[in-house]
Structures are given as structure tokens and as C-alpha cells.
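# Survey of secondary and tertiary structure
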Amino acid sequence: MTTLSSGFARARRWLRDHPLAFDATLAFCTLVAMICSSFTDPGDGHGPPAFGARTPELFSVLLMTLTAAALVLRRRRPMQVLAVTAALAAVEYVLMDPPAPVVMSTVIALYTVASRTDRPTTWRVGLLTMGGLTAAAMVFGSTPWYSQENFGVFAWTGLASAAGDAVRSRRAFVDAIRERAERAERTREEEARRRVAEERLRIARDLHDVVAHHIALVNVQAGVAAHVMDKRPDQAKEALAHVRDASRSALNELRMTVGLLRQQGDPEAPTEPAPGLAVLGELVTTFRNAGLPVEVACADRDRLPAAVDLAAYRVIQEALTNVRKHAGAGARAEVSVVRVGATAEVTVLDNGRGSAGRRPGTGPAGGTGPAGGTGAYGGGPGGPGDGDGQAGGGLDSGGHGLVGMRERVTALGGALTAGPRYGGGFRVHAILPVEARTGEPDRPGTAGGTGLRR
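Notes on the structure in this doc start here. From a predicted model like this one, the values you see are computed outputs, not experimental measurements.

Counting its secondary structure elements, the chain contains eleven helices and nine strands. Among the 454 residues that make up the chain, the fraction classed as buried is 39%. Pairs at least 24 apart in sequence give 67% of the contacts found in the chain among residues at least 6 apart.

Right, here's the structure in full:
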């Protein structure tokens, strides 16, 4: 049984790959069926048909052969084949009595047309064929018009039209399902690639914020320790303690960030919450220990959504890091976080004049504007600067600081502005919606600033 079924399967595949051979086989089988039926006399309808009671005329055999031969081209010329077979079947009904079953070829041709055209065409062609052949059989036949042979013509042609239309509808349905599945597969792959890119960008942003902040503090404290090592060993010891604390904090945050890449359920994956405004005091303390006076005014720090809370914390961290690196000696910073309606506004101000020896103006990677300002990101008008006009140095010289802040804010549907203050200093201002809209595409102008392009 298995061998027989596999043989049928191979035969079907071969016929499907060779449609002309299939149509030739079908035409031959149809011719055999028509010739065999032409030897059958249906009788008066009260008894079984009698085989061999009549012999078909030579003209009828010729018509049957022509209609069967036309079926070989039914896939390439369906309408023409239908027209030929229907015309020959009508000629048979008009000239021969009793007629031979030439209409069998017309039924197959009508099925082919219905399965390969649209429904309106099927209705028009089918009704025309059904009506024409039925009328020819009723008018020119020797049997009464209401005989079952005449209504059989109507029934078989109508069944061919319905069967062909059903096959066409099913093929269209299957093709639509297959196309939808392929499109869903492509969409799923594109969505996966987009999510991977977003996750890489987010991890890179977190790594930059963590490393830039802590390494800047380590650099400052190490410089202090080296400066006072000989004369004031107690201060050097205190600076080295700050270096140790900052490096430990950096390692912990790096471990948390890299832990996001672990498999779900990994026991070594970190479970600590992401930093937020609840630990803003610890962040400010690290900057104060590094010699940067910071004043904080923060309200409702525990009431923000997690995504907004993290974004506010990272904006403050990056802004204070840039103040410490670029604002110069004697700079002071002010941090404020307030709720205004449905938004949270984060502001970081400084009164710095820029690092000594740095006069940023028109940076090589960006236009003019805030690049020529003063404060954390600039040191006075004129002169070339390091990357988009920001006074370079440290990890932010590559120009990722403001980019990271702007991406974080715009990803939540907020806006960020950064630029020099009138009279000196620099200002970073972020407006974050309380209801975070993560995953929403950036909109033009959302991160509008003062011309600073990072």
C-alpha cells in the first residue's frame, strides 16, 4: 500500500511539472469516455441504458476527436478552446440525431475557463454556454424538450461553472494565506532586527553614561592624589578612597548593564533596579567629593514612571559629568527637577568658563551656535573646538554625550535643549512626559535645541 501511494504521489508530481502531458492524457481519457458513451442508448427512461444498442456516425466521431484534441490547449487558450468545443457540440445537436456526447469536452473547457478567470466572466460565459447548448438540445433534438437528456446538458454545464469558480476561489484563498504568511515572516524579521538595533543603542547609551561619569571622577581624584601625595598624604589617601568608591560603583553598574545580555532565568543575572532620582543624592555626593559644588532642588522624585525616572537621572549624570570635565575651575552647578502639569522638567545649570586653553568655536563635526558658548560645553567665542563645538576631553570628546541625552528624551516623546547661558555658563533643559511613550519613533523637531548637533 505504501509503495502504491508513493507511486501515485510521484505520478502526480510529474504531471504537475508537465501540464501539457496532463492535458493530453485528459483529452485522451475524455475521447474514450465520449466514444464509449456514444454506443449507449439511454432508452425511454424506464429501463437501464443499453450498451451497444447504437453505433456513432463517422461525423460524430470526427467531432468528438476534434473537441478532445482542443482540450490539449485548454490551459494556454481557455476561451478559444471553450468557443471551439461549444460550437462543435452545438453542431452535433443540430445535425445528428441522436447526438453523441460531444458536450463532455465543452464541460471540461467551461470548468477550465471558470477556474482561470474572475467571477463576472464565469457568470457571463457560463450562462451563455448553458443557455446556448440547452436551447440547441431542446430545439433540434428528437426527444421532447423536457427530457432528462436536455436538462442534463444544463446541469452538467452549470456544475462545471460552479466547480471551476470554487477551485479558483480556493486557489486565491490559499495564495492569499501564503502571501500573508510570507509577509508576516518578513515583517517579523524586520521587527527583530529593529529591536536588536534599539537594544544595542540603549546598551551603548547606558555604557557611555556609566563609563563617562565614573572614569571622569576617577581621573579627577587620581590627579588630586598625585598632586598632594608628597605634601598631604592624608588628602591623597582620601582621594584614593574616592577613586576606589567610584571604580567600584562603575564596575557594579557595568555588571548590571552587561547582565541585560544574559539569558532569561540565569541565576547570575542582576536583579537590582535601574538607578533613578531616588539615588540622586549619592550621585551628587560623588561630584561634590570631586570638587564640584552642586545645589539640588528636586520634588516628587519617587512619583515618576520608571522610564522617565531613569532618563532624568541619566540626563543629570551626563550634564554634571560634562560640567566637571569642561566648565573649568571654580564652576558651580545647579540641578532642578520639577513637575509641570503632565511633564517633568529637568534643568542643569553651571557658571563655568571652560577649561583652560580651550576656546571652542566651530567644531569640525557640526555648525556654529552653542559651540561657541561658554560653560560646560564651551569656553568662549572663536577658535576651533573638539567635535561639534564641545570642549573636548575625556570620553565625551567623541560627541556622544548630548546625543545620548537627546536620544533618551526623544525616545520618551520629550524635548531637550542645550546651549550657552547669557553672561556665561551652560544650560541643559529636558522636558519629559510623565506617561512615557517608549518605542515611539522620533518626530522631527522633538529634540529641538539651539543649533547644537551632536
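Attention now goes to helix α10 (residues 306-326). Quick reminder: α-helices carry 3.6 residues per turn. Residues three or four places apart thus point the same way. Here α10 spans 30 Å end to end across 21 residues, near enough to the 30 Å set by a 1.5 Å rise per residue. With respect to burial, α10 is a largely interior element, 18 of its 21 residues being buried. Positive phi appears at G328, one or two residues downstream of α10, with a value of about 95°.

It is the contact of helix α5 (residues 103-116) with helix α6 (residues 119-140), at a shortest axis distance of 10 Å, that shows an interaxial angle of 170°. As judged from the angle between their axes, α5 and α6 are roughly antiparallel. With respect to the hand of their crossing, α5 and α6 are arranged in left-handed fashion. For the pair α5 and α6, the contacting residues are V103, T106, L110, V113 and A114 in the first and T122, V125, G126, T129 and L133 in the second. Grouping the amino acids of the contact of α5 with α6 by side-chain chemistry returns six nonpolar, four polar and no charged.

Here the focus is the pattern of salt bridges. Throughout the structure, instances matching the rule amount to ten salt bridges. R183 is the salt-bridge partner of E179, the closest N and O atoms lying 2.4 Å from each other. Placement of both E179 and R183 in helix α7 (residues 148-228) is noted, with a separation of four residues, approximately one turn of the helix. For E179, a relative accessible area of 36% corresponds to the partly exposed category. Overall, the relative accessible area of 36% leaves R183 in the partly exposed class. Across the pair R195 and E191 runs a salt bridge, and its minimum N-O distance is 3.0 Å. Of the two residues, R195 and E191 are both situated in helix α7; the distance of four residues between them amounts to about one turn of the helix. When salt bridges that share partners are traced, they join D23, R74 and R75 into one network.

Take the pairing of strand β4 (residues 333-340) next. The side chains of a regular strand alternate, residue by residue, between the two faces of the sheet. Summarising the sheet, strand β3 (residues 294-298) and β4 pair through five bridges and their orientation is parallel. Bridging across to β4, V294 finds its partner in A333. One ladder, built from eight bridges, connects β4 with strand β5 (residues 343-350); its direction is antiparallel. The residue bridging V340 from the neighbouring strand is T343, located in β5. Counted along the chain from β4 to the antiparallel partner β5, the turn is two residues long, and its residue G341 has a positive phi close to 65°.

On to a nonpolar patch on the surface. Among the surface-exposed residues, F59, L62, L66, V91, V94, L95, V139 and F140 lie close enough to one another that they form a single nonpolar patch of about 710 Å² accessible area. Elements that contribute at least two residues to the nonpolar patch include exactly α3 (58-70), α4 (78-95) and α6. Looking at the element boundaries, L62 is found in helix α3.

Looking now at the side chain of S115. With respect to the helices and strands, S115 occurs in helix α5. Overall, S115 belongs to the buried group, its relative accessible area being 7%. A polar contact is formed between the side chain of S115 and the backbone oxygen of T112, at a distance of 2.9 Å. With residues up to four places along the chain from it excluded, the contact list for S115 reads G164, V167, R168 and R171.

Right, let's talk about a positive patch on the surface for a bit. Taken together, R10, R12, R13 and R16 make up a surface patch of like positive charges. Topologically, R16 is positioned in helix α1 (residues 2-17). Look at R16 and you get exposed, because its relative accessible area is 54%.

Procedures and definitions
- Residues numbered from 1 in each chain as written.
- Predicted model: local features only at pLDDT ≥ 70, side-chain atom pairs only at ≥ 80, totals over all residues.
- Heavy atoms only, no water.
- Helix = DSSP H or I, 4+ residues; strand = E, 2+ residues; numbered from the N terminus.
- Buried < 20%, exposed > 50% of the residue type's maximum accessible area, 1.4 Å probe, protein only.
- Contact = heavy atoms within 4.5 Å.
- Expected span 1.5 Å × (residues − 1).
- Axes fitted to C-alpha atoms, helices over the stretch in contact; angles between N-to-C directions.
- Parallel < 35°, antiparallel > 145°, perpendicular 65-115°, else oblique.
- Left-handed = near helix turned anticlockwise from the far one by under 90°.
- Nonpolar A, V, L, I, M, F, W, Y, C, P; charged D, E, K, R; others polar.
- Salt bridge = Lys/Arg side-chain N within 4 Å of Asp/Glu carboxyl O.
- Pairing = 2+ DSSP bridges.
- Patch = residues over 30% accessible without salt bridge, like charges linked within 9 Å, V, L, I, M, F, W, Y side chains within 5 Å.
- Areas by Shrake-Rupley, 256 points an atom, 1.4 Å probe, with all protein chains shown as cover.
- Polar contact = N/O pair within 3.5 Å; in protein donor to acceptor, adjacent residues only side chain to side chain.
- Lys, Arg positive; Asp, Glu negative; His and termini not counted.
- Charge placed at Lys NZ, Arg CZ, Asp CG, Glu CD.

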